[in-house]
Number of protein chains: 2
Amino acid sequence: MGIVDLVSEIPLFHGLHGEQLEEVVDIVADQTFGRGQPVFSEGEEAAGFYVVVSGRVKIFKLSSEGKEQILHFAEPGESFGEVPMFAGGRFPAHAESIEKSRIFFFPRAVFLELIEKDPSLAMNMLAELSMRLRRFTRLVEELSLKEVPGRLAAYLLYLNGRGDGSGDLELDITKGQLAGLLGTIPETISRILGKMSSLGFIRVRGRRITLLDRQSLEDLSAGGKFII
Amino acid sequence: MGIVDLVSEIPLFHGLHGEQLEEVVDIVADQTFGRGQPVFSEGEEAAGFYVVVSGRVKIFKLSSEGKEQILHFAEPGESFGEVPMFAGGRFPAHAESIEKSRIFFFPRAVFLELIEKDPSLAMNMLAELSMRLRRFTRLVEELSLKEVPGRLAAYLLYLNGRGDGSGDLELDITKGQLAGLLGTIPETISRILGKMSSLGFIRVRGRRITLLDRQSLEDLSAGGKFII
DNA sequence: CTTCTTTTTTGATCTAAGTCAAAGCGCACT
DNA sequence: AGTGCGCTTTGACTTAGATCAAAAAAGAAG
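Residues numbered from 1 in each chain as written. Chains lettered and ligands numbered in written order. Predicted model: local features only at pLDDT ≥ 70, side-chain atom pairs only at ≥ 80, totals over all residues. Heavy atoms only, no water.

1. Describing the domain arrangement of chain A
All names here are of chain A. According to the domain assignment, chain A consists of domain 1 (3-140) and domain 2 (146-221). For domain 1 and domain 2, the distance between their C-alpha centroids amounts to 28 Å. The partner domain 2 presents seven residues to the 11 residues of domain 1 that form the contact. Between domain 1 and domain 2 the total buried area reaches about 670 Å² when both faces are included, carbon and sulfur atoms providing 52% of it. Counting every contact that joins domain 1 to domain 2 gives one salt bridge. A salt bridge links Asp172 to Arg56, with the nearest nitrogen and oxygen atoms 3.4 Å apart. Remark: the boundary between domain 1 and domain 2 carries four residue pairs in polar contact (both at pLDDT 80 or more). (Domains from an automatic or database assignment. Contact = heavy atoms within 4.5 Å. Buried area = accessible area lost by both parts, 1.4 Å probe. Salt bridge = Lys/Arg side-chain N within 4 Å of Asp/Glu carboxyl O. Polar contact = N/O pair within 3.5 Å; in protein donor to acceptor, adjacent residues only side chain to side chain.)

This is the structure:
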């Protein structure tokens with residue numbers, strides 16, 4: 001598939017016409033990253049921003065003791081690293097490719113020119129940043145106002161919603177990464193999944209999880225407690 | 001002071017020329033809110049967004065048990081409530097005026113037209129949302145990766161930076177609100193301030209706080225522990 | 001000044017979840 | 001099939017910080 005087709009499938013560039021699309025294609029740098037390879041580090045000077053074409057990129061913060069809080073997994077079609085483009089300064093978090101990924105890089109200066117000329121590009125970017133703000137709001141809420149069982153229940157329901165909604169789902173990340181995303185540690189995830197299983201809320205076979213009692217999960221997610 | 005002057009002082013509208021400024025002024029609704037009065041609630045349908053002219057607005061989430069996590073205090077010149085404008089859907093958090101506040105409201109549809117016509121308005125908005133994303137990133141980091149003493153130390157150093165940097169500072173919010181901002185409760189704030197005092201890091205007289213040992217505060221903020 | 005209300009502090013207790021350590025599994029690869 | 005390495009689970013223990021209750025201070029209002 002040609003670059004133009006790939007670019008035209010990126011939500012950020014939806015609604016762009018042929019000529020503008022060509023301009024975008026002209027400035028893109030096509031990059032490949034292996035599993036575990038960093039795309040950028042927190043505090044680095046930003047020369048531009050990125051869009052995932054294929055693979056997956058983990059966006060995360062690191063504590064002084066090495067604990068990591070995952071902010072987001074950027075999936076194909078999603079952009080990341082735009083904050084310094086518009087706010088100045090440096091990257092506020094780390095980005096690492098967690099599988100073989102193809103990534104488009106857009107240099108800052110040229111892209112800013114494009115966006116200033118093209119209202120629909122600006123609107124798309126505003127929508128993208130707004131959705132990210134909403135996601136962050138939810139993350140803050142979960143970290144601060146819910147206990148770990150509630151966060152985990154919410155995540156399972158979310159995964160179910162993303163999937164076919166049948167109640168059968170497959171974790172697309174390791175439980176360690178899930179812990180990093182939910183602001184906890186693998187042991188805690190393991191214990192809580194065990195508890196959910198023994199209470200009959202779910203059934204776990206490796207990474208396959210079946211939701212058996214959606215109501216109880218909703219209750220947990222809404223702030224309810226386990227009734228031992 | 002006329003509306004035009006007030007609008008022209010809002011960072012979001014910097015760089016707009018006379019004619020465009022007039023258009024903005026034409027669509028603004030000038031509103032006043034008393035202390036404790038809600039501006040909007042989470043989940044409400046959004047008809048537009050807001051800018052604080054004077055006073056202060058608390059943006060926050062509420063847990064099912066009534067605990068509140070403050071996301072931000074919007075100060076004069078700052079906008080809030082834009083997410084649904086660009087991402088669709090509803091307000092992701094509550095907004096409440098915590099003192100007598102004058103607030104400009106901008107209706108969604110008309111503002112979207114303006115922004116599509118005016119690249120500098122779009123760029124300003126992109127910058128604003130980006131800075132907010134950066135702030136949220138920091139909030140997530142603090143909630144998830146730092147203990148409460150570290151968050152508090154970071155906040156004191158931040159306040160000192162915002163002020164004259166002399167080491168003398170005055171909390172502009174109650175300690176209860178500070179607790180809500182740092183993801184904890186007033187008792188904990190009280191105890192930690194007490195500990196910091198007894199270790200000679202700070203001196204507290206009501207809301208006036210003097211930083212005595214900045215290095216120790218920096219250490220705490222960077223993840224260090226109290227050495228009893 | 002006196003009376004209320006709102007904040008702040010202090011003490012005692014409880015608990016969710018982190019830490020440390022050790023098995024146990026499962027998958028990838030020769 | 002066997003060998004390793006990374007992932008996951010389990011158990012014992014520790015701890016930061018929440019909860020509950022009550023007193024003390026500090027403001028605000030008459």
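After that view of the structure, there is still more to cover.
2. Structural notes on the side chain of Lys146 of chain B
All names here are of chain B. Its location among the elements puts Lys146 in the loop between helix H5 (119-145) and helix H6 (148-162). According to the relative accessible area criterion, Lys146 is buried, its value standing at 17%. Within polar-contact distance, the side chain of Lys146 engages the backbone oxygen of Ser221 at 3.0 Å. Once residues lying within four places of it in the same chain are set aside, the contact partners of Lys146 are Glu141, Arg151, Ala154 and Ser221. (Helix = DSSP H or I, 4+ residues; strand = E, 2+ residues; numbered from the N terminus. Buried < 20%, exposed > 50% of the residue type's maximum accessible area, 1.4 Å probe, protein only.)

3. Observations concerning the sheet that holds strand S11 (residues 208-211) of chain B
Residue and element names in this part refer to chain B. Taken in spatial order, the three strands line up as S9-S11-S10 in an open sheet, and their pairing is antiparallel. Lying at the two open borders of the sheet, with one neighbouring strand each, are strand S9 (168-170) and strand S10 (202-205). Taken pair by pair, the neighbouring strands of this sheet meet at an average axis angle of 20°, ignoring direction. Note that S9 and S11 share three bridges and pair antiparallel. Bridge assignment links Leu169 to a residue of S11, and that residue is Ile209. (Pairing = 2+ DSSP bridges. Axes fitted to C-alpha atoms, helices over the stretch in contact; angles between N-to-C directions.)

4. Re the pattern of salt bridges
Residues and elements named next belong to chain A. Under the counting rule described, the total for this entry stands at 30 salt bridges over all chains. Linking Arg90 and Glu45 is a salt bridge whose minimum nitrogen-to-oxygen distance equals 3.0 Å. With Arg90 in the loop between helix H3 (83-87) and strand S7 (94-97) and Glu45 in the loop between strand S2 (37-40) and strand S3 (48-54), this pair connects stretches of sequence that are 45 residues apart. A residue is classified by how much of its surface remains accessible, and Arg90, at 45% relative accessible area, is partly exposed. A salt bridge links Lys58 to Glu68, with the shortest nitrogen-to-oxygen separation between them at 2.9 Å. Note that Lys58 is positioned in strand S4 (residues 57-62) and Glu68 in strand S5 (residues 68-74), a separation of 10 residues in sequence. Given the relative accessible area of 7%, Lys58 is considered buried. In this structure, a network of salt bridges that share partners links the residues Arg56, Glu75, Glu99 and Asp172.

5. Thoughts on the sheet that holds strand S11 (residues 208-211) of chain A
Within a sheet, each strand pairs with its neighbour through backbone hydrogen bonds, oriented either parallel or antiparallel. Residues and elements named next belong to chain A. Pairing is antiparallel in the open sheet, where three strands are placed in the order S9-S11-S10. Two strands bound the open sheet, and with one partner strand each, they are strand S9 (168-170) and strand S10 (202-205). On average, each strand axis in the sheet is tilted by 20° relative to the strand beside it, whichever way the strands run. Alignment of S10 against S11, held across four bridges, turns out to be antiparallel. When the sheet's bridge partners are listed, Arg203 is paired in S11 with Thr210. In the packing of helix H6 (residues 148-162) onto the sheet, contacts are made with S9, S10 and S11, and the angle to S9 comes to roughly 100°.

6. Some words on the protein's contact with DNA strand D
In the vicinity of DNA strand D lie 15 residues, with Lys175 of chain A together with Val148, Thr184, Ile185 and Thr188 of chain B positioned nearest. Counting only atoms of DNA strand D within 4 Å of the protein, the sugar-phosphate share comes to 61%. Ser190 of chain A places a polar side-chain atom, nitrogen or oxygen, 3.0 Å from a sugar or linking oxygen of DNA strand D. The side chain of Arg191 of chain A places a nitrogen or oxygen atom 3.0 Å from a base nitrogen of DNA strand D. Where the surface near DNA strand D is concerned, the elements lending two or more residues are helix H7 (175-181) and helix H8 (186-198) of chain A together with H6 and helix H8 (186-198) of chain B. A per-class count over the surface near DNA strand D returns three nonpolar, six polar and six charged. (Near = heavy atom within 4 Å. Nonpolar A, V, L, I, M, F, W, Y, C, P; charged D, E, K, R; others polar.)

7. Looking at the protein's contact with DNA strand C
Taken together, 15 residues lie near DNA strand C, and Val148, Thr184, Ile185 and Thr188 of chain A together with Lys175 of chain B sit nearest. Here, DNA strand C places atoms within 4 Å of the protein, and 64% of those atoms are sugar or phosphate. Contacts to DNA strand C include Thr188 of chain A, whose side-chain N or O atom sits 2.8 Å from a phosphate oxygen. Here a phosphate oxygen of DNA strand C and a backbone polar atom of Gly176 of chain B are 3.2 Å apart. Taken together, the elements giving at least two residues each to the surface near DNA strand C come down to H6 and H8 of chain A together with helix H7 (175-181) and H8 of chain B. In terms of residue class, the surface near DNA strand C is built from three nonpolar, six polar and six charged.

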